[in-house]
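Read off the chains here:
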Amino acid sequence: MGAENPKVLVVMGSDSDFDVMKSCLTTLKKFNIDFDCRVCSAHRTPAEAAELATTAKDKGYGVIIAAAGMAAHLPGVLAAFTILPVIGVPIQSKVLDGMDALLAMAQMPPGIPVATVAVNGAMNSAILAAQILEGAYPQVAEAMAEYKKEMREKVLAKDQALQNKIAEEI
């Protein structure tokens, strides 16, 4: 590891997850993290899921992000086949509003962890991946520091605008 950009494997259980996961991909790009994005089903293509996970480290990936809804087994299946960190993104569904996916990812058995973000928390999955990778990639650490600085400045500007509004209206 070093000067080259880190790589993240992003796997979606369905192409319908793309609208949610787009913010993950744009955030990875913002942090100069290369990615490949695939559709793979834990239930319909289990051999392919196992292949993706077992070969990910050799292909240079440092983290796997997996999005799934409903039963949401994809992140856990991938985690079972790799030593890489796996971040799960529960996708909101119509039936249980994403709580089924959230609990499926968060309640993994001992020894097979899946770091789980909020329902539809795709952007946070990319930020968490960047935080995992930043120790080995100075350019990611620099991008993360700049991102945190920008967030701080935006909040301080909003606070100042609120103080001005209060002074004018109250």
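Residues numbered from 1 in each chain as written. Predicted model: local features only at pLDDT ≥ 70, side-chain atom pairs only at ≥ 80, totals over all residues. Heavy atoms only, no water.

**Describing the pattern of salt bridges**
Consideration 1: Counting across every chain of the model gives 1 salt bridge.
Consideration 2: A salt bridge links Glu150 to Lys30, with the shortest nitrogen-to-oxygen separation between them at 3.6 Å. Separated by 120 residues along the polypeptide, Glu150 in helix H6 (residues 138–169) and Lys30 in helix H1 (residues 18–30) bring together distant segments of the chain.
Consideration 3: With relative accessibility at 28%, the residue Glu150 sits in the partly exposed group. (Salt bridge = Lys/Arg side-chain N within 4 Å of Asp/Glu carboxyl O. Helix = DSSP H or I, 4+ residues; strand = E, 2+ residues; numbered from the N terminus. Buried < 20%, exposed > 50% of the residue type's maximum accessible area, 1.4 Å probe, protein only.)

**Observations concerning the packing of aromatic side chains**
Consideration 1: Evaluation of the coordinates by the stated rule reveals 1 aromatic pair.
Consideration 2: When the centroid spacing of 5.5 Å and the interplanar angle of 90° are considered together, the rings of Phe31 and Tyr147 count as edge-to-face. Taken as a pair, Phe31 in the loop between H1 and strand E2 (34–39) and Tyr147 in helix H6 lie far apart in primary sequence, 116 residues in all. We note that Phe31, like Tyr147, is buried.
Consideration 3: Between the NZ or CZ atom of Lys7 and the centre of the ring of Tyr61, over which it lies, the distance is 4.6 Å. (Phe/Tyr/Trp six-rings, centres within 6.5 Å; stacked < 30°, edge-to-face > 60°. Lys NZ or Arg CZ within 6 Å of the ring centre and 35° of its normal.)

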